[in-house]
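Chain residues, written in single-letter form:
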Amino acid sequence: MTSDATPYETPYTPYPGGSMPPAATQPKQGKHELWAFFWLALLNTLIIAVAGIVTWWYVHGH
């Protein structure tokens, strides 16, 4: 287990155009980015669902 002060090197080789984080990205930062993506994806799903419900209500409710 590495501490936050210890440099961390990912075992995976990045490739051109890939979405791999830089090799020096700490696990804590990587987890933070995953949670940020999770909440952003959830927010986007909520926005799409609300837009669909409002559209359906507008078409069928009026």
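Predicted model, so just to flag it, every value in this text is computed and none were measured. (Residues numbered from 1 in each chain as written. Predicted model: local features only at pLDDT ≥ 70, side-chain atom pairs only at ≥ 80, totals over all residues. Heavy atoms only, no water.)

(A) Quick peek at the overall build of the chain. Across its full length, the chain carries one helix and zero strands. Scored against the burial criterion, the 62 residues of the chain give a buried share of 3%. Carbon and sulfur atoms make up 71% of the accessible area of the chain, which amounts to about 5800 Å² in all. (Helix = DSSP H or I, 4+ residues; strand = E, 2+ residues; numbered from the N terminus. Buried < 20%, exposed > 50% of the residue type's maximum accessible area, 1.4 Å probe, protein only. Areas by Shrake-Rupley, 256 points an atom, 1.4 Å probe, with all protein chains shown as cover.)

(B) Local environment of the packing of aromatic side chains. Within the structure shown, the criterion is met by two aromatic pairs. With 5.5 Å between their ring centres and 85° between their planes, Trp35 and Phe38 make a pair best called edge-to-face. Residue Trp35 and its partner Phe38 are located together in helix H1 (residues 27-61), separated by three residues, close to a single helical turn. Assessed through its relative accessible area of 53%, Trp35 is described here as exposed. Relative to Trp39, the ring of Phe38 lies with its centre 5.0 Å away and its plane at 75°, an arrangement referred to as edge-to-face. We classify Phe38 as partly exposed; its relative accessible area is 39%. Overall, the relative accessible area of 51% leaves Trp39 in the exposed class. (Phe/Tyr/Trp six-rings, centres within 6.5 Å; stacked < 30°, edge-to-face > 60°.)

(C) Seen up close, a nonpolar patch on the surface. On the surface, Leu40, Leu43, Leu46, Ile47, Val50 and Val54 cluster together into a nonpolar patch covering about 540 Å² of accessible area. Relative to the elements of secondary structure, Ile47 occurs in helix H1. (Patch = residues over 30% accessible without salt bridge, like charges linked within 9 Å, V, L, I, M, F, W, Y side chains within 5 Å. Salt bridge = Lys/Arg side-chain N within 4 Å of Asp/Glu carboxyl O.)

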